[in-house]
Amino acid sequence: MSGSASSLLHARLEGQWSLVAQDKDDLIPLRAFPCQIGRHPGVPFRVNHPTVSLVHAELRRSGDCLELVDLSSRNGTFVNGKRVLGTLAVRADDLLQFGATVFRLQNQHQSHSQPSLNATCQGEDIGDLALALAQFEKLVSDASVVPVYQPIVKADSGEIIAYEALARSRLFGLDKPAQMFQAAGYFQMEAELSRMLRREELVATCESDLPHLFLNTHPAELADFKQLVFSLREIRGTRKTQPLTLEVHEAAAADLATMKMLRLVLDDLNMGLAYDDFGAGQARLNELVEARPDYVKFDRKLIMSLDKADASRLQLIESLVTMCRRLGIITLAEGVETAGEADTCRQIGFELMQGYFYGRPNELPKSTSLPIPR
């Protein structure tokens, strides 16, 4: 798995090695090697959890490295989500998983630059996340994703004019994009995952019936601009005439120089540009002028209960819509869920809308393709 954090990286054995229990944030020193890990009361490192075997795994010294060996455990041993099949070298900050329990390997001299799993998880079930990490390799290597498509409609008529391409997964703990990208973040593979999702979303559309698709990016992709451009050129090479628009999250639009270059690349490839989740953080008004998108998608938080909003909130959103339209930018209301929200969006000038009121993201029937918007 290219770029995976589970590659064989060695750590200098300086000072005291420990395992940090991520569900309790307890630090347990490793006092002697080899160190067996398991549920049996007699092992040096006991993990009292039903998914852990009696003698589950073993940490060993090998020169100036630590190595982890699975001891034919029932539920598997994993390093950063990659299953240990033989002997695997491990380093400080690696996530070691025994069954559904997760520990971070630490050294007293290591830098604590990475957030702990416990802090990042913020209340999610640690066992579910551990199993999701274990399945991430399968998600990427087998492209185990299910493309789904949500309609984008004209505000005045409800006519479908495009679809946002999204992805789901049938793998436990990775069924939604947020879960996929949370797992990808531990391996620093967000950009690779994003590219893979776009490829799979295009595969499900028919070569003869090519609807206008809005394709997503991850902010990490803008940090490797050359690879993003290569990915877009590859897509255009296989879909020479299909209408395509690239969505960039508002937060990623802060680098004005990069956004200007992206705008030029997309123009060259005859692709559109959309700023997604506009207003979720701070509205990037300067970017609207200097790196002008074709579409601005207003965040769901601005649209929610808009029909019940006070006059000042309505005036603010209407002024933003009016400003975009004067710049020649098409405005789209995201997350429209009720007739009241749809009516108010039309009244304040939105040209396009998207949300459960008009259709949920759905798979394609195997025997048909997406209808071509008329």
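Up top is the structure these notes are about.
Let me sum up the structure you'll find in this document. (Residues numbered from 1 in each chain as written. Predicted model: local features only at pLDDT ≥ 70, side-chain atom pairs only at ≥ 80, totals over all residues. Heavy atoms only, no water.)

### A closer look at the overall build of the protein chain
When helices and strands are tallied, the protein chain shows 10 helices and 19 strands. Evaluated residue by residue, the protein chain yields a buried proportion of 52% over its 374 residues. Pairs at least 24 apart in sequence give 58% of the contacts found in the protein chain among residues at least 6 apart. Accessible surface, the protein chain as shown: approximately 17500 Å² in total, 50% of it carbon and sulfur. (Helix = DSSP H or I, 4+ residues; strand = E, 2+ residues; numbered from the N terminus. Buried < 20%, exposed > 50% of the residue type's maximum accessible area, 1.4 Å probe, protein only. Contact = heavy atoms within 4.5 Å. Areas by Shrake-Rupley, 256 points an atom, 1.4 Å probe, with all protein chains shown as cover.)

### A short note on unusual backbone geometry
Residue Phe33 is joined to Pro34 through a cis peptide bond whose omega torsion reads 0°. In this structure, Pro34 sits in the loop between strand S2 (26–29) and strand S3 (35–38). A positive phi is found at Ser72, a non-glycine position, where the angle reads about 55°. Structurally, Ser72 can be placed in the loop between strand S6 (65–70) and strand S7 (77–79).

### Regarding the pairing of strand S14 (residues 213–216)
Where strand S13 (residues 160–168) and S14 come together, two bridges link them in parallel fashion. By the bridge assignment, Glu164 is partnered in S14 with Phe214. Remark: the S14/helix H5 (residues 225–238)/strand S15 (residues 244–249) crossover connection has right-handed handedness. (Pairing = 2+ DSSP bridges. Right-handed = clockwise from strand over helix to strand, strands pointing away.)

### Focus on the packing of helix H4 (residues 190–203) against H5
Running from N to C, H4 and H5 point in directions that differ by 5°, and their axes come no closer than 11 Å. With respect to H5, the axis of H4 lies roughly parallel. Taken together, the residues of H5 that come into contact with H4 (itself represented by Arg195, Arg198, Arg199 and Leu202) are Gln227, Leu228, Ser231, Glu234 and Ile235. The residue inventory of the contact of H4 with H5, partitioned by class, reads three nonpolar, two polar and four charged. (Axes fitted to C-alpha atoms, helices over the stretch in contact; angles between N-to-C directions. Parallel < 35°, antiparallel > 145°, perpendicular 65-115°, else oblique. Nonpolar A, V, L, I, M, F, W, Y, C, P; charged D, E, K, R; others polar.)

### Looking at the sheet that holds S3
Where strands meet in a sheet, backbone hydrogen bonds hold them as pairs that are either parallel or antiparallel. Spatially, S4-S3-S5-S6-S9 is the arrangement adopted by the five strands of the open sheet, whose pairing is mixed. The open sheet is flanked by strand S4 (45–46) and strand S9 (87–90), the only strands paired with a single partner.

### Describing the packing of H5 against helix H6 (residues 256–268)
For the pair H5 and H6, interaxial distance at closest approach is 11 Å and the crossing angle is 20°. Of the possible angle classes, the one that applies to H5 and H6 is roughly parallel. In the packing of H5 onto H6, the handedness of the crossing is right-handed. Contacts from Phe225, Leu228, Val229 and Leu232 in H5 reach Thr258, Met261, Leu262, Val265 and Leu266 in H6. Partitioning the contact of H5 with H6 into residue classes produces eight nonpolar, one polar and no charged. (Left-handed = near helix turned anticlockwise from the far one by under 90°.)

### Comments concerning the side chain of Asp70
Among the secondary structure elements, Asp70 is positioned in strand S6. Lacking a salt bridge, the buried Asp70 has Arg83 as its closest oppositely charged neighbour, with an N-O distance of 5.8 Å. Within the structure, Asp70 has its side chain in polar contact with the side chain of Ser73 (distance 2.6 Å). At 2.5 Å, the side chain of Asp70 forms a polar contact with the side chain of Thr77. Discounting residues that sit within four places of it in the chain, Asp70 has contacts with His56, Ala57, Gly76, Thr77, Val84 and Gly86. (Lys, Arg positive; Asp, Glu negative; His and termini not counted. Salt bridge = Lys/Arg side-chain N within 4 Å of Asp/Glu carboxyl O. Polar contact = N/O pair within 3.5 Å; in protein donor to acceptor, adjacent residues only side chain to side chain.)

Don't take any of this as a statement about function, it's just geometry.
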